[in-house]
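Here's the letter readout for the chains.
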Amino acid sequence: MIAPVNDPLNDPVNDYDLRHHGDAEVAPGMLDFAVNVRLAAPPEWLRAVLVDALGTLGRYPDPAAATAAVAARHGRPAEEVLPVAGAAEAFVLLARALRPRRAVCVHPSFTEPEAALRTAGHDVERVVLPEPYGLRPNLIPADADLVVLGNPTNPTGVLHDPADLARLARPGRILVVDEAFIDTVPGERGSLAGRRDLPGLVVLRSLTKTWGLAGLRVGYLLAEPAMVRTLARAQPLWSVSSPALAALVACCSPAALAEAERAAVLLGEHRAHLLAGLAELAGLAGLAERRIEVAAPSSASFVLVRLPGGLKVRERLRAAGIAVRRADTFPGLGPDHLRIAVRPQAQTDGLLTELRRAADHAL
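Residues numbered from 1 in each chain as written. Predicted model: local features only at pLDDT ≥ 70, side-chain atom pairs only at ≥ 80, totals over all residues. Heavy atoms only, no water.

Named according to an unreviewed UniProt entry, the protein chain is Aminotransferase originating from Sphaerimonospora thailandensis. The UniProt entry for the protein chain carries the following text under Sequence similarities (unreviewed entry): "Belongs to the class-I pyridoxal-phosphate-dependent aminotransferase family." On record in UniProt, under Cofactor (unreviewed entry), the comment for the protein chain is "pyridoxal 5'-phosphate". (UniProt positions renumbered as here; feature names shortened; annotations may be inferred.)

Undergrad: So, the overall build of the protein chain: which residues are in play, and what are the values?
TA: Broken down by element type, the protein chain carries 11 helices and 13 strands. A compact globule built from 363 residues would reach a C-alpha radius of gyration of about 21 Å, and the protein chain, at 20 Å, matches this within 12%. With respect to the principal axes defined by its C-alpha atoms, the protein chain has extents near 60 × 50 × 35 Å. Residues counted as buried form 55% of the 363 residues belonging to the protein chain. Contacts in the protein chain between residues at least 24 apart in sequence constitute 75% of all its contacts with a sequence separation of at least 6. Surface accessibility of the protein chain: about 15000 Å² in total, with carbon and sulfur atoms responsible for 55%. Where the 39 positive side-chain charges of the protein chain centre and where its 40 negative ones centre are 1 Å apart. (Helix = DSSP H or I, 4+ residues; strand = E, 2+ residues; numbered from the N terminus. Rg over C-alpha atoms; globule rule 2.2 N^0.38 Å. Buried < 20%, exposed > 50% of the residue type's maximum accessible area, 1.4 Å probe, protein only. Contact = heavy atoms within 4.5 Å. Areas by Shrake-Rupley, 256 points an atom, 1.4 Å probe, with all protein chains shown as cover. Lys, Arg positive; Asp, Glu negative; His and termini not counted. Charge placed at Lys NZ, Arg CZ, Asp CG, Glu CD.)

Undergrad: Explain the packing of helix α3 (residues 87-97) against helix α4 (residues 112-119) to me, using residue names and the numbers behind them.
TA: Their axes nearest at 8 Å, the elements α3 and α4 cross at an angle of 35°. Crossing angle aside, the handedness with which α3 passes α4 is right-handed. Here F91, V92 and A95 of α3 lie close against α4, whose contacting residues are E112, P113, A116 and L117. Residue composition of the contact of α3 with α4, grouped by class: six nonpolar, no polar and one charged. (Axes fitted to C-alpha atoms, helices over the stretch in contact; angles between N-to-C directions. Left-handed = near helix turned anticlockwise from the far one by under 90°. Nonpolar A, V, L, I, M, F, W, Y, C, P; charged D, E, K, R; others polar.)

Undergrad: How would you explain the environment of F33 if you had to name every residue and give the values?
TA: Within the secondary structure layout, F33 lies in strand β2 (residues 31-33). Taking C-alpha positions, F33 is 8.6 Å from F302, a pair spaced 269 residues apart along the chain. With sequence-adjacent residues up to four places away left out, F33 is seen in contact with I322, A323, V324, R325, R339, I340, A341, R343, Q347, T348 and L351.

Undergrad: Help me get a handle on the environment of H107, residues and values and all.
TA: Following the sequence through the fold, H107 ends up in strand β4 (residues 103-107). Along the sequence, H107 and R126 sit 19 residues apart, while their C-alpha atoms lie 6.6 Å from each other. With sequence-adjacent residues up to four places away left out, H107 is seen in contact with E114, R126, V127, V128, L129 and P331. At 2.7 Å, the side chain of H107 and the side chain of E114 are in polar contact. (Polar contact = N/O pair within 3.5 Å; in protein donor to acceptor, adjacent residues only side chain to side chain.)

Undergrad: So what's going on with the pattern of salt bridges? Which residues, and what values?
TA: Under the criterion given, the structure shown has 21 salt bridges. In this structure, D197 engages R195 in a salt bridge whose closest nitrogen and oxygen atoms are separated by 2.7 Å. The class of R195 is partly exposed, set by a relative accessible area of 29%. Among the ionic contacts, a cluster of salt bridges with common partners joins R73, E179, E188 and R205. (Salt bridge = Lys/Arg side-chain N within 4 Å of Asp/Glu carboxyl O.)

Undergrad: Before we move on, could you go through the environment of I322 and cite the residues and values that matter?
TA: By the element assignment, I322 lies in strand β12 (residues 322-326). With relative accessibility at 4%, the residue I322 sits in the buried group. Sequence separation between I322 and M30 is 292 residues; the distance between their C-alpha atoms is 5.4 Å. If we ignore the near neighbours within four places in the chain, the residues touching I322 are M30, L31, F33, L317, G350, L351 and E354.

Undergrad: I'd like a description of the state of the cysteines, backed by residues and values.
TA: Scanning the model with the defined rule gives zero disulfides in all. Note on C251: no disulfide assigned, nearest cysteine sulfur contributed by C252 at a separation of 7.3 Å. (Disulfide = S-S within 2.5 Å.)

Undergrad: Describe the pairing of strand β9 (residues 219-222), naming the residues involved and giving the relevant values.
TA: Side chains of β9 alternate between two faces, with G219 and L221 and Y220 and L222 buried alike. Looking at chain direction, strand β3 (residues 81-84) and β9 are connected through four bridges and run antiparallel. In the strand pairing of β9, V84 is matched with G219. Where strand β8 (residues 201-206) lies against β9, four bridges are found, and the strand directions are antiparallel. (Pairing = 2+ DSSP bridges.)

Undergrad: Before we move on, could you go through the side chain of T111 and cite the residues and values that matter?
TA: Mapped onto the secondary structure, T111 falls in the loop between β4 and α4. We classify T111 as buried; its relative accessible area is 0%. Once you skip the residues sitting within four places of it in the chain, T111 turns out to touch L18, H21, T329, F330 and P331.

Written out as structure tokens, the structure reads:
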């Protein structure tokens, strides 16, 4: 299904709030199942790196070491790497620098790419994938010269087959794959970060999710040298701070990558616990007819669920001090959808208890 979007300020057909994000759901003191950041703060070793970087603040940031570290990590030349102030900046750079004739955003997915394109004055078409939200390459218009999608996708958690993603690449097309959550997948299975043979491929990465760096704003993109130069020209001078660049170097180290891998494996165990609890709720007599359903097979740090009265359930959870992410701001989803972040088992058990109570009242 493809829906044209022309007005950068108002979508009269769907009226989705593209600028709503999980942080808006969380008030002080709430148990946070709305934001997909693993840690409340960076680990001690990374904090030490950031503190050391404060001694360089009298100098303008130099991205050379960070660029080299990312290049070495992915086996690519340095001219194919651009550090950015989080993936959100990368979407703005793409919107500023490119002049697509036919831009397509694949949904449901992170909404900032479309918001950035619309704000820059571009027309955008939506390809809305049907549940369970797996990629269907045949739905992408053949003449689309800019295609943006996530892998794994936020908010569904679906990990697309890299072969299907590769089918979307072709001469004359920019294919943007947002891999902000790929480090939540053991082995980063499905990543295209090492692919240098696909024309027009741009891969985006973020350090936010795994390392508790949402407030620092740091990530990078990988692309052909000409594309990197184009996007760098659209980037404000020194947009990535010295502490962010130092974090980028540190998080590309073998020790950090091994720690991230262990975290991804543990997250998979926590996600399995959440899914088992949701399945148990679905089978309870008081919640008959599978009223709580997992809407998509997640490989990421969150799970998309669907249940009648989803927004009412969200409000009852809020009253109990628990924040979950409303999902009706994602094109293709509605008021019965909620996104639940994966948390350690003890926190998840508390959520499941309150979720049963909230769902009982909402039905």
